[in-house]
Amino acid sequence: MVAPAETEASSLVVREVRKSFPAPDNPLSRRQVLDGISFSLGAGELISLIGPSGCGKSTLLRLVAGLDSADSGDLLIGIEPITAPNAERGLVFQDPNLFPWLTVRRNIQAGLVARGVLHEKKNEVDEFMRLVGLEIFANVYPHHLSGGMAQRAALARALINHPKILLLDEPLGALDAFTRMRMQDEVLRLWQARRTTMLLVTHDIDEAIYMSDRIMIMTPRPGRIERTIPVELARPRQRDSGDFLRLRSDILKFLHFAGKS
Ligand SMILES: Nc1ncnc2c1ncn2[C@@H]1O[C@H](COP(=O)(O)OP(=O)(O)OP(=O)(O)O)[C@@H](O)[C@H]1O
Ligand SMILES: [Mg+2]
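The structure displayed is predicted, hence computed values, not measured ones.

It is not clear to me how the overall build of the chain should be interpreted in this structure. Could you clarify?
Each helix and strand counted, the chain has eight helices and ten strands in total. Against the 2.2 N^0.38 benchmark of 18 Å for 261 residues, the chain shows a C-alpha radius of gyration of 19 Å, consistent with a compact globule. Referenced to the eigenvectors of the C-alpha coordinate spread, the extents of the chain come out at roughly 50 × 50 × 35 Å. Here the chain, with 261 residues, has 48% of them falling under the buried criterion. Considering only residue pairs separated by 6 or more positions, the chain has 70% of its internal contacts joining residues 24 or more positions apart. For the chain, the exposed area adds up to about 12800 Å²; of that, 53% sits on carbon and sulfur atoms.

Dropping the structure here:
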């Protein structure tokens with residue numbers, strides 16, 4: 001059996017995080033990308049991060065994943081500082097990045113193999129394939145999967161490590177509008193089943209409203225959290241409800257994208 005969901009989620013604290021990179025035009029100078037980012041996620045919370053291209057969203061996710069380190073500031077999972085990548089922080093990208101030479105089953109169990117725990121956790125592989133509805137595709141290779149199915153396999157591959165926090169970087173960005181809406185429901189179903197803390201980067205305001213407990217809006221680079229908006233709509237949310245559309249219009253106005261009336 002999969003372990004009880006309550007034990008899985010973890011809080012995340014990001015405090016005054018700064019990050020710069022060498023400037024592309026002059027490698028001797030540095031360009032500030034994140035400029036004092038502070039926020040926290042409660043255990044089991046689903047928060048979206050939206051902001052203009054290049055403002056540092058993926059950079060922030062990479063810092064939380066432990067793939068890169070901040071120039072200054074603190075990043076904590078629970079009370080533990082983030083110092084290196086760890087299976088407890090799952091990362092899913094826009095491209096599912098499945099291994100093309102492995103079947104769906106072998107892709108999903110890859111993390112267990114890498115950690116040398118496949119033998120003891122073998123029954124969980126079937127459980128997670130069922131969870132994402134891919135059990136009959138277990139022995140199929142990725143090139144036979146649709147985009148949505150491949151992304152579900154990528155989600156299962158991350159979830160099987162029982163991440164305390166799942167970092168989602170535009171995970172549905174490459175899907176067509178219909179598949180994308182279906183996959184939003186899939187991710188919400190997984191979130192409700194597992195209660196994993198989730199940090200979702202998206203460019204899609206409707207997706208952010210449909211899915212998240214709160215929406216954080218970043219400024220253009222150097223990125224800062226400009227505003228955090230709670231989404232106090234009952235779930236499951238109705239994309240065409242008055243409250244949904246009002247919030248959408250508020251966010252568009254804030255981002256200066258509202259049409260002239
Ligand atoms: N390893 C790196 N070396 C140098 N510059 C980098 C590096 N990683 C990111 N950058 C720069 O940092 C800035 C932020 O990049 P990042 O990928 O975090 O943006 P983003 O908000 O995820 O954008 P998008 O919405 O287009 O995905 C960009 O200007 C990018 O060129
Ligand atoms: Mg990005």
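More follows now that the structure is in view.
Sorry, what's going on with the site of ligand 1 here?
Arg 31, Ser 53, Gly 54, Lys 57 and Thr 59 are the nearest of the 13 residues found near ligand 1. Taking Gly 54, its main chain carries an N or O atom lying 2.8 Å from an oxygen atom of ligand 1. Note that an oxygen atom of ligand 1 is positioned 2.8 Å from one of the side-chain N or O atoms of Ser 58. Protein contacts shield 60% of the accessible area of ligand 1, which totals 640 Å² for the unbound molecule. When contributions to the shell around ligand 1 are tallied by element, the ones reaching two or more residues are β2 (30-41) and α1 (57-65).

Would you explain the pattern of salt bridges in this entry?
For side chains of opposite charge, pairing can occur when their charged atoms come near one another. Going through the model one piece at a time under the given rule, you end up with 14 salt bridges. Arg 15 serves as the salt-bridge partner of Asp 74, at 3.1 Å between the closest nitrogen and oxygen. In this pair, Asp 74 is assigned in strand β4 (residues 72-77) and Arg 15 in strand β1 (residues 12-22), connecting sequence segments 59 residues apart. For Arg 15, a relative accessible area of 41% corresponds to the partly exposed category. The residue Glu 186 makes a salt bridge to Arg 189 at a minimum N-O spacing of 2.9 Å. Highlighted residues: Glu 186 and Arg 189, both in helix α6 (residues 177-194), separated by three residues, approximately one helical turn. The network of salt bridges with shared partners includes Glu 16, Arg 18, Asp 35 and Arg 224.

Is there a simple way to think about the sheet that holds strand β8 (residues 197-201) in this case?
Whether parallel or antiparallel, the strands of a sheet pair through hydrogen bonds between backbone atoms. In spatial order, the strands read β6-β7-β8-β3-β9-β10; together these six strands make up an open sheet with mixed pairing. Edge strands, defined here as strands with exactly one partner in the open sheet, are β6 (89-92) and β10 (225-230). Going from strand to strand, the sheet's axes swing by 15° on average, the running direction of each strand aside.

Explain the sheet that holds β4 to me, please; I cannot follow it from the model alone.
Spatial ordering of the open sheet is given by β2-β1-β4-β5, a layout of four strands whose pairing is antiparallel. Lying at the two open borders of the sheet, with one neighbouring strand each, are β2 and β5 (80-81). Bridge count between β1 and β4: five bridges; the pairing is antiparallel. Among the inter-strand pairings, Leu 12 is bridged to a residue of β4, identified as Ile 77. Contacts between α1 and the sheet are confined to β1, β2 and β4, with β1 contributing the most and set at about 120° to the helix.

Rules and cut-offs
Residues numbered from 1 in each chain as written. Chains lettered and ligands numbered in written order. Predicted model: local features only at pLDDT ≥ 70, side-chain atom pairs only at ≥ 80, totals over all residues. Heavy atoms only, no water. Helix = DSSP H or I, 4+ residues; strand = E, 2+ residues; numbered from the N terminus. Rg over C-alpha atoms; globule rule 2.2 N^0.38 Å. Buried < 20%, exposed > 50% of the residue type's maximum accessible area, 1.4 Å probe, protein only. Contact = heavy atoms within 4.5 Å. Areas by Shrake-Rupley, 256 points an atom, 1.4 Å probe, with all protein chains shown as cover. Near = heavy atom within 4 Å. Polar contact = N/O pair within 3.5 Å; in protein donor to acceptor, adjacent residues only side chain to side chain. Salt bridge = Lys/Arg side-chain N within 4 Å of Asp/Glu carboxyl O. Pairing = 2+ DSSP bridges. Axes fitted to C-alpha atoms, helices over the stretch in contact; angles between N-to-C directions.

Geometric values such as these leave the question of function open.
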